[in-house]
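Commentary on secondary and tertiary structure
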Amino acid sequence: MTVRDLSALFLDATDQPLPQAAVRLASAGVPVFPVAPRDKVPLIRHGRGFRDATTNLRQVEAWWRRFPQANIGVPTGAASGLVVVDVDVHGTNGYDALHRADRAGLITGWEFLARTPTGGLHLYYPAADEMEQRSWQAGDAGIDFRGDGGYIVAPPSLRVIDGEIVPYRLTELGTEPAHPLDAGRLRGFLEPPRPPRRFPPRMRGQGRTDPQKLANWLGGERTDRNRKLFWASCVLAEEGVPYREALDAMLTVEQPDFGSREITRTVASGYKRIHGDPPSVRGNRAPRGGPARATVGASQEQRVAPVRGL
């Protein structure tokens, strides 16, 4: 299915009741799963949430017979062939950053736009072939990226805002050829590398840094989580905490936009920085050659060119 077919499909689904729209999407090859009515939380909590999304019509019909008012969730990334830039208006007005990114030429190629019930915006793009693009958040900019490991709530789903039922609605189709988004470049523009912020003191437990306390601290952070995880992993490696113990603690903070693969890769990088070679799952040794300094972040040049406004 081409991206143009997808835009027509979502436009068609917008005018249908939720059960029929869910079946329409699934029958066209877009995996779906039920979301709590008037909400954004997956309904199938006994399973794997959005990871249970399917195109199996029998299953989709069964879900919406049981939950006829359920909103429609769609996994993003390779699972559906779609990725989404999510512009928020809570706290930080994401439109300001969106217009800056548009002037820099970083958000071209969207296939269609959908207005969210709260006044935000979803920009839909085709997923990049054979390249994973993980979900991320740029909280200070008011923009999230929904890619691999994430999901969105799709039109014609509904929310209750100030006592009124308001739909997610498709508002505009792209007039230029759609193409994959360079999500990494957009993130670098929205969150340029900067010196590490103050990190907490090393949290002691039984005479050494406590990996679970560090994980609990990380779980409360909303920005720079990957960099902070790398710092924490270096600290744990310096302290001689076994790699498996550190990884198990850090995996407890897994979130849709901060998945197990990214966490595992970052913890392994921290241990490799300190030990000088890839970590052993059974590793229980102290660092070789004494402790090393945990350094975080590197500068990256951004080259952008102005284009037409959004």
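Just above, that's the structure.
My aim in this report is to walk through the structure given alongside it, one point at a time. All figures in this text were calculated on a predicted structure; none of them were measured in a lab.

1. Some details on the packing of helix α6 (residues 211-219) against helix α7 (residues 225-238)
Packed helices, taken two at a time, are described by their axes: the angle between them and the distance between them. Close contact between α6 and α7 brings their axes to 11 Å; oriented N to C, the two are set at 170°. Classed by the angle they form, the pair α6 and α7 counts as roughly antiparallel. Here Pro211, Leu214, Trp217 and Leu218 of α6 come into contact with α7, specifically with Arg225, Lys228, Leu229, Trp231, Ala232, Val235 and Leu236. Class assignment of the residues belonging to the contact of α6 with α7 gives a composition of 9 nonpolar, no polar and 2 charged.

2. Quick word on the packing of α7 against helix α9 (residues 260-275)
Running from amino to carboxyl end, α7 crosses α9 at an angle of 45°, the nearest separation of the two axes being 8 Å. It follows from the interaxial angle that α7 and α9 lie oblique. Every pair of crossing elements has a handedness; the one defined by α7 and α9 is right-handed. Contacts between α7 and α9 pair Asn226, Leu229, Phe230, Ser233, Cys234, Leu236, Ala237 and Glu238 from the former with Glu262, Ile263, Thr266, Val267, Ser269, Gly270, Tyr271, Arg273, Ile274 and His275 from the latter.

3. Some thoughts on unusual backbone geometry
Pro155 connects to Pro156 through a cis peptide bond whose omega is 5°. Among the secondary structure elements, Pro156 is positioned in the loop between β8 (151-154) and β9 (158-161). Phi is positive for Arg38, close to 60°, though the residue is something other than glycine. Structurally, Arg38 can be placed in the loop between β1 (33-35) and α3 (57-66). The class of Arg38 is partly exposed, set by a relative accessible area of 27%. Positive phi, close to 55°, is recorded for Asp162, a residue that is not glycine. By relative accessible area, Asp162 is classed as exposed at 77%.

4. Observations regarding the side chain of Asp257
Within the element layout of this structure, Asp257 appears in the loop between α8 (243-250) and α9. Looking at Asp257, the relative accessible area reads 7%, which means it is buried. Polar side-chain contacts of Asp257 include one of 2.6 Å to the side chain of Arg225. Not counting chain neighbours up to four residues away, the residues in contact with Asp257 comprise Ser135, Trp136, Gln137, Gly149, Arg225 and Glu262.

5. Description of the sheet that holds β1
Spatial strand order, β1-β2-β8: 3 strands in an open sheet with antiparallel pairing. Two strands close off the open sheet at either side, each with one partner strand: β1 and β8. Within this sheet the neighbouring strands show an average axis-to-axis angle of 40°, counted without direction. On the sheet, α3 packs against β1 and β2 (71-75) and is oriented at approximately 20° with respect to β1.

6. Notes on the nonpolar core
Within soluble globular proteins, side chains that are nonpolar tend to cluster in buried spots. Formed by 34 residues in total, the largest nonpolar core has its most connected members in Phe10, Leu25, Val32, Phe33, Trp64, Ile72 and Tyr124. Going through the elements one at a time, α1 (3-14), α2 (18-27), β1, α3, β2, β3 (82-87), β4 (112-115) and β8 are the ones with two or more residues in this core. No other element matches α2, which puts 5 residues into this core. The contact partners of Val32, leaving out residues within four places of it in the chain, are Ala22, Leu25, Ala26, Ala53, Thr54, Val60, Trp63, Trp64, Ile72, Gly73 and Val74.

Parameters and conventions
Residues numbered from 1 in each chain as written. Predicted model: local features only at pLDDT ≥ 70, side-chain atom pairs only at ≥ 80, totals over all residues. Heavy atoms only, no water. Axes fitted to C-alpha atoms, helices over the stretch in contact; angles between N-to-C directions. Helix = DSSP H or I, 4+ residues; strand = E, 2+ residues; numbered from the N terminus. Parallel < 35°, antiparallel > 145°, perpendicular 65-115°, else oblique. Contact = heavy atoms within 4.5 Å. Nonpolar A, V, L, I, M, F, W, Y, C, P; charged D, E, K, R; others polar. Left-handed = near helix turned anticlockwise from the far one by under 90°. Buried < 20%, exposed > 50% of the residue type's maximum accessible area, 1.4 Å probe, protein only. Polar contact = N/O pair within 3.5 Å; in protein donor to acceptor, adjacent residues only side chain to side chain. Pairing = 2+ DSSP bridges. Core = buried A, V, L, I, M, F, W, Y, C linked by side-chain atoms within 4.5 Å.

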